[in-house]
Amino acid sequence: MTKLDLRRPTLEDKEAVLDLMREFEETTAAHDGGFWDAEHFDYEEWIAGNTDEEMGLNIPDSWVPAVQFVGFVDGKAVGFLNLRLRLSDFLLHHGGHIGYSVRPSQQGKSYATQMLRQGLSVAISKNISKVLVTCDETNAANRAVILKNGGVLEDVRDDTERYWINPE
C-alpha cells in the first residue's frame, strides 16, 4: 500500500493543492473535507483562513473550529480531510467531526481509509475521545471506509448514516 501523508497544507503546496481543487471542480465531484470559493479563490488567503478557522477566529457563528488537512502521496495532493474540533447541532446530525474526499482519479486506492485513520489520530491529540463520522445511505464506498476504521452505526437521520468511532 502506498503511504499517504496527511498534513496541513502550506504555501509550498500551492500547485499540488490547486491541481487537486481543479480536478474536483472539473469533475463536479463532491469535495467533502475541502472548502473553497471557486469564484473568488486566493490560495494564500485560503491558507490564512485555515489557520484562523483552526483557532476559531473570523468564522461564521454557525461554524466550529476545524483543522484543514490535505493528503499527499509522492508529492501529489490526493484528497482533503477536515477535522471539526467540536460539533454544532447541524454537525451532530449531518456532518460529524470528520469530512473527507479523495480526488476522482485517485479513488479506490485506500487513500480515504488512510486519511480517516490518520485523522482519527489527530482527533485523539485534540482530546476528542469519540468521533462522529457520517455518510449518505447510498455511499457504499464511504461506509466501507468508516467500517474499516472501527465505525459503529448509531442510526440513520434524513438519509445520513451516523457512525461513532472510539479512536485508539
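Structural data are supplied above this passage.
Rules and cut-offs
Residues numbered from 1 in each chain as written. Predicted model: local features only at pLDDT ≥ 70, side-chain atom pairs only at ≥ 80, totals over all residues. Heavy atoms only, no water. Core = buried A, V, L, I, M, F, W, Y, C linked by side-chain atoms within 4.5 Å. Buried < 20%, exposed > 50% of the residue type's maximum accessible area, 1.4 Å probe, protein only. Helix = DSSP H or I, 4+ residues; strand = E, 2+ residues; numbered from the N terminus. Pairing = 2+ DSSP bridges. Salt bridge = Lys/Arg side-chain N within 4 Å of Asp/Glu carboxyl O. Contact = heavy atoms within 4.5 Å.

Grouped together as the largest cluster of nonpolar side chains are 26 residues, with contacts concentrated most on Leu-81, Leu-83, Ile-98, Tyr-100, Leu-116, Val-133 and Ile-146. Elements with a contribution of two residues or more to this core: strand S2 (66-73), strand S3 (76-84), strand S4 (98-102), helix H4 (111-125), strand S5 (131-136), helix H5 (140-148) and strand S7 (160-165). No other element matches H4, which puts 7 residues into this core. One finds Phe-24, Trp-36, Trp-46 and Val-70 within the second-largest nonpolar core, a separate group that totals 14 residues.

Glancing now at the pairing of strand S6 (residues 152-157). Of the strand pairs in this sheet, S6 and S7 are connected by 5 bridges, and their pairing is antiparallel. Bridge pairing in S7 places Leu-153 opposite Tyr-163. Hairpin remark: S6 followed by S7, antiparallel, with 2 residues in the connecting loop; positive phi at Asp-158, about 50°.

Time to look at the pattern of salt bridges. Tallied over the entire structure, the rule returns 13 salt bridges. Residues Asp-19 and Arg-103 are paired through a salt bridge, measuring 2.9 Å at the closest nitrogen-oxygen approach. One end of the pair, Asp-19, is in helix H1 (residues 14-27); the other, Arg-103, is in the loop between S4 and H4, with 84 residues separating them in the sequence. In the salt-bridge network here, residues are joined through shared partners; they are Asp-19, Arg-22, Glu-23 and Arg-103.

With that settled, the discussion passes to the environment of Ile-165. Tracing the chain through its elements places Ile-165 in strand S7. Separated by 68 residues in the primary sequence, Ile-165 and His-97 place their C-alpha atoms 10 Å from one another. Apart from the residues lying within four places of it in its own chain, the contact partners of Ile-165 are Leu-116, Leu-120, Ser-129, Lys-130, Val-131, Val-133, Ile-146, Asn-149, Gly-150 and Gly-151.

Judged by how many residues are buried, S3 sits mostly within the fold: 8 of 9 residues are covered. Inspection of the sheet shows S2 paired to S3 by 8 bridges, in the antiparallel sense. In the sheet register, Val-70 faces S3, and the bridge partner there is Phe-80. A loop of 2 residues connects S2 with S3, the two strands running antiparallel in sequence, and Asp-74 in this loop sits at a positive phi of about 50°. Examined bridge by bridge, S3 and S4 share 5 bridges and lie antiparallel to one another. Bridge pairing links Asn-82 to Gly-99 in S4.

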